Amino acid sequence: MCPEPRPPPRRTSRASGSSTPSARPGASPAGRRDPPSSPYRRSWPTHPCGSIPRTHLCAPHFGSYRSRTMAEVAPIADKVTSYFYALLFVRYPDLRPLFPAAMDTQRDRLLKALLTAAEHIDNTEVLVAYLQNLGRGHRKYGTRPEHYPAVGECLIGSLSRYASAVWDEETEAAWVRTYTTISQIMIDAAAADELLAPAWWHAEVVSHDLRTPDVAILTVRPDQPYSFLAGQYTTLETPWWPRIWRHYSFASAPRSDGLLSFHVKAVPAGWVSNALVHHARPGDIIRLGPPAGSMTVDHTTDSGLLCLGGGTGIAPIKALVEDVAEHGERRPVEVFYGARTDHDLYDIDTMLRLQQIHPWLAVRPIVDQQAHVQLPDAIREYGPWNEFDAYLSGPPGMIRSGVHTLRDIGIPSERIRHDSVEELVAAVD
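A few points on the structure. (Residues numbered from 1 in each chain as written. Predicted model: local features only at pLDDT ≥ 70, side-chain atom pairs only at ≥ 80, totals over all residues. Heavy atoms only, no water.)

### Quick notes on the overall build of the chain
Tallying secondary structure elements over the chain gives 12 helices and 11 strands in all. Looking at the 429 residues of the chain, the share that counts as buried comes to 52%. Partitioning the intrachain contacts of the chain with sequence separation of at least 6 by distance along the chain shows that 78% fall at a separation of at least 24. Counting every atom, the chain has about 19,900 Å² of accessible surface; 52% of that belongs to carbon and sulfur. (Helix = DSSP H or I, 4+ residues; strand = E, 2+ residues; numbered from the N terminus. Buried < 20%, exposed > 50% of the residue type's maximum accessible area, 1.4 Å probe, protein only. Contact = heavy atoms within 4.5 Å. Areas by Shrake-Rupley, 256 points an atom, 1.4 Å probe, with all protein chains shown as cover.)

Shown next as structure tokens:
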């Protein structure tokens, strides 16, 4: 068994005063700031084995320390977040360029990701997969292994300040171990991915099809081969808003010509979505992050597919249908395409053409204003679904209610698949 990382020295005083830290005094002749004198400046413990066994992520008794901390900071998450970033940028100004110029779009993303991971640290299977994906995805920001100690230092500094009522040596040791675990998994995953793929891909927009005033279908050509699975998603960055990335699902199965398609809906205050819908044109260059997501078809079974797609969530559902067709399978696929109005069924013609071609496919549009029923509840009228795997894609609210409905009608959780951008941390995008 690997030995425990040594806990940090006990703090001798608590932070006080203004919630925004003051700048560190002094700079070297070369202009580089001296190391901070903070009691949290330390060499973070690295795991002696080089990686952390999945069966030994965290001592069980550490969970109570983390839980008490989370309970303290949850009601004041905004203050913790503001202090975290202020601390990070004052102590480590060289890290500021890794973040968007306007931090209102970033806000709680990084801190929420770390706290979410800490909350789920005892769920080994989910946590490791999530953190590995997070580590790979962070490569596109320019994140390097040497950046992790700075983030850990400021995480501990922020938590100790705002959870002072429960903070002690044991709590600090629990959080140091937790962050060491989190960061090591991410670092290892990023290092492995670096041997296989670039941190990002440039892609040229080759077509821009405006289906409605606020929905466009974009097709792009990556500058290098891009491997993904139907049902997955990626992140996109536009030249209009550097360092701001947003999740979008692939709208088709992998194509022989290497082109990728995305369905984008412009939303209020959506910097990336509005840029892609209203400003992007053929010839523009965007950037792609790595593929991610587990809402993929298991081709080792012959179970039917029950697919719920709401709004632009129909994009990965269409990709799943194409994937089933490409594998030559005749398994039943039932697609419920939800929208608020007929106008919002912007891709219904494509789905109906697929239905005409494939006799195993059924497409059922569900329009809220006509049926007066939400998409998840509509599936109760059909079925039975005991031989089907369920796939959901759409707004977070639809996915939450959809999962509840599917469980209620007897579909076990392990047969329900979705990749909500809310899951664990949409926040890190």
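That shown, we press on.
### A few points about the sheet that holds strand S10 (residues 388-393)
Each strand in a sheet pairs with its neighbour through backbone hydrogen bonds, running either in the same direction (parallel) or in the opposite one (antiparallel). Spatially, S9-S8-S7-S10-S11 is the arrangement adopted by the 5 strands of the open sheet, whose pairing is parallel. In this open sheet, the two edge strands, each paired with only one partner strand, are strand S9 (361-367) and strand S11 (416-418). This sheet shows a mean twist of 15 degrees between the axes of neighbouring strands, independent of strand direction. Direction of pairing for strand S7 (residues 304-310) relative to strand S8 (residues 333-339): parallel, over a ladder of 6 bridges. Within S8, the position partnered with leucine 305 by the bridge is valine 333. Sheet strands in contact with helix H12 (residues 396-408) are S7, S10 and S11, and its direction is about 165 degrees off that of S10. (Pairing = 2+ DSSP bridges. Axes fitted to C-alpha atoms, helices over the stretch in contact; angles between N-to-C directions.)

### Observations concerning the sheet that holds strand S3 (residues 233-237)
Ordered in space as S4-S3-S6-S1-S2-S5, the 6 strands form an open sheet in which the pairing is antiparallel. The sheet is open, and its two borders are formed by strand S4 (245-249) and strand S5 (260-265), each paired with just one other strand. The average undirected angle you get between the axes of adjacent strands in this sheet is 40 degrees. Of the pairings in the sheet, the one linking strand S1 (residues 201-212) to strand S6 (residues 285-288) comprises 4 bridges and is antiparallel in character.

### Looking at the pattern of salt bridges
Under the definition given, this model contains 12 salt bridges. A salt bridge links glutamate 153 to arginine 91, with the nearest nitrogen and oxygen atoms 2.9 Å apart. One end of the pair, glutamate 153, is in helix H5 (residues 148-162); the other, arginine 91, is in helix H2 (residues 77-91), with 62 residues separating them in the sequence. The same class applies to glutamate 153 as to arginine 91, namely buried. (Salt bridge = Lys/Arg side-chain N within 4 Å of Asp/Glu carboxyl O.)

### What to know about the packing of aromatic side chains
Under the counting rule described, the total for this entry stands at 15 aromatic pairs. Seen in terms of ring centroids, tyrosine 85 and phenylalanine 89 are 5.8 Å apart; in terms of plane orientation they differ by 35 degrees. Their pairing is tilted. Taken as a pair, tyrosine 85 and phenylalanine 89 lie in helix H2 at a separation of 4 residues, close to a single helical turn. The residues tyrosine 85 and phenylalanine 89 share a single accessibility class, namely buried. (Phe/Tyr/Trp six-rings, centres within 6.5 Å; stacked < 30°, edge-to-face > 60°.)

### Some details on H2
A rise of 1.5 Å per residue sets the reference length of H2, with its 15 residues, at 21 Å; its end C-alpha atoms lie 21 Å apart and thus fit the reference within 8%. What H2 keeps buried is the set Val80, Thr81, Tyr83, Phe84, Tyr85, Ala86, Leu87, Leu88, Phe89 and Arg91. (Expected span 1.5 Å × (residues − 1).)

### Observations regarding the side chain of serine 252
As for its placement among the helices and strands, serine 252 is situated in the loop between S4 and S5. The contacts of serine 252, once residues within four sequence positions are left out, are Phe228, Lys318, Ala319 and Glu322.

### Comments concerning the nonpolar core
Core analysis: the biggest nonpolar cluster contains 42 residues, and Phe84, Leu88, Leu131, Leu155, Trp175 and Ile182 have the highest contact counts within it. For this core, the secondary-structure elements that each account for two or more residues are helix H1 (62-73), H2, helix H3 (109-119), helix H4 (124-137), H5 and helix H6 (169-194). The element that contributes the greatest number of residues to this core is H5, accounting for 8 residues. Aside from chain neighbours lying at most four places away, what touches leucine 131 is Ala117, Ile182, Ile185 and Met186. Core analysis: the second largest hydrophobic core is formed by 25 residues, Val335, Ala339, Tyr346 and Tyr391 among them. (Core = buried A, V, L, I, M, F, W, Y, C linked by side-chain atoms within 4.5 Å.)

### Regarding the packing of H2 against H3
Viewed as axis vectors pointing N to C, H2 and H3 meet at an angle of 110 degrees, and their least axial separation amounts to 9 Å. As the angle between them shows, H2 and H3 are arranged roughly perpendicular. The interaxial crossing formed by H2 with H3 has right-handed handedness. Contacts from Val80, Thr81, Phe84 and Tyr85 in H2 reach Arg109, Leu110 and Leu111 in H3. (Parallel < 35°, antiparallel > 145°, perpendicular 65-115°, else oblique. Left-handed = near helix turned anticlockwise from the far one by under 90°.)

### Examining the side chain of threonine 238
Residue position: threonine 238 is located in the loop between S3 and S4. For threonine 238, a relative accessible area of 2% puts it in the buried group. Among the polar contacts made by the side chain of threonine 238, one reaches the main-chain amide nitrogen of tryptophan 241 at a distance of 3.4 Å. (Polar contact = N/O pair within 3.5 Å; in protein donor to acceptor, adjacent residues only side chain to side chain.)

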